[in-house]
Amino acid sequence: MTQDEAKGEVVADRGAPREKKLNFFARIALFIRQVFAELRKVVTPTRQELVKFTAVVLGFVVVMMAIVYGLDVLFVWITTTVFGVPGTAGA
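Residues numbered from 1 in each chain as written. Predicted model: local features only at pLDDT ≥ 70, side-chain atom pairs only at ≥ 80, totals over all residues. Heavy atoms only, no water.

This part covers the overall build of the protein chain. A count of helical and extended segments in the protein chain gives two helices and two strands. Secondary structure elements of the protein chain occur, N-terminal to C-terminal, as β-β-α-α. Looking at the protein chain as a whole, 0% of its 91 residues qualify as buried. In the structure as shown, the protein chain presents an accessible area of about 9,100 Å², 67% of it carried by carbon and sulfur atoms. (Helix = DSSP H or I, 4+ residues; strand = E, 2+ residues; numbered from the N terminus. Buried < 20%, exposed > 50% of the residue type's maximum accessible area, 1.4 Å probe, protein only. Areas by Shrake-Rupley, 256 points an atom, 1.4 Å probe, with all protein chains shown as cover.)

Okay, structure coming up:
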């Protein structure tokens, strides 16, 4: 791969040798090394951040539960208003 000076794009060299494909076990070893490299980048949240994130998630869940409950009550009311309750028509 070389960089084209005019446009700044990376282009393939026609004369460049192809990279040799790794065997099965070398690919597994490479994968494991890459996993450990990514795990080193993970930042553990502080206790304050963890409490804040947990509160945000729980608050969101409570709000969504309230919306779903409200819609459920609304649809039950609409259904009983439109179709009536069977068995109570003559009472």
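Okay, helix α1 (residues 24-40) next. Residues spaced three or four apart along an α-helix face the same direction, because each turn holds 3.6 residues. Counted at 1.5 Å a residue, the expected span for α1 with its 17 residues is 24 Å, and the 25 Å between its end C-alpha atoms agrees. Between the side-chain oxygen of the N-cap and the backbone nitrogen of Phe 25 there are 3.2 Å, and the N-cap of α1 in question is Asn 23. (Expected span 1.5 Å × (residues − 1). Polar contact = N/O pair within 3.5 Å; in protein donor to acceptor, adjacent residues only side chain to side chain.)

Let's shift gears to the pattern of salt bridges. Inspection of the entire model under this criterion finds one salt bridge. The closest approach of N and O atoms between Lys 41 and Glu 38, which form a salt bridge, is 3.1 Å. According to the relative accessible area criterion, Glu 38 is partly exposed, its value standing at 47%. (Salt bridge = Lys/Arg side-chain N within 4 Å of Asp/Glu carboxyl O.)

Sequence positions flagged by UniProt for "transmembrane region" (unreviewed entry) are, in local numbering, residues 50-78. Secondary structure across residues 50-78 divides into 100% helix and 0% strand, with the first and last C-alpha atoms of the span separated by 42 Å. (UniProt positions renumbered as here; feature names shortened; annotations may be inferred.)

Turning our attention to the confidence of the model for the protein chain. One rule of thumb: low pLDDT means the predicted coordinates there are not for detailed reading. Residues at a pLDDT of 70 or more form 74% of the protein chain, whose mean pLDDT is 85. Per-element confidence in the protein chain ranges from a low mean pLDDT of 59 for strand β1 (residues 2-3) to a high of 96 for helix α2 (residues 47-83). (pLDDT = per-residue confidence, 0-100.)

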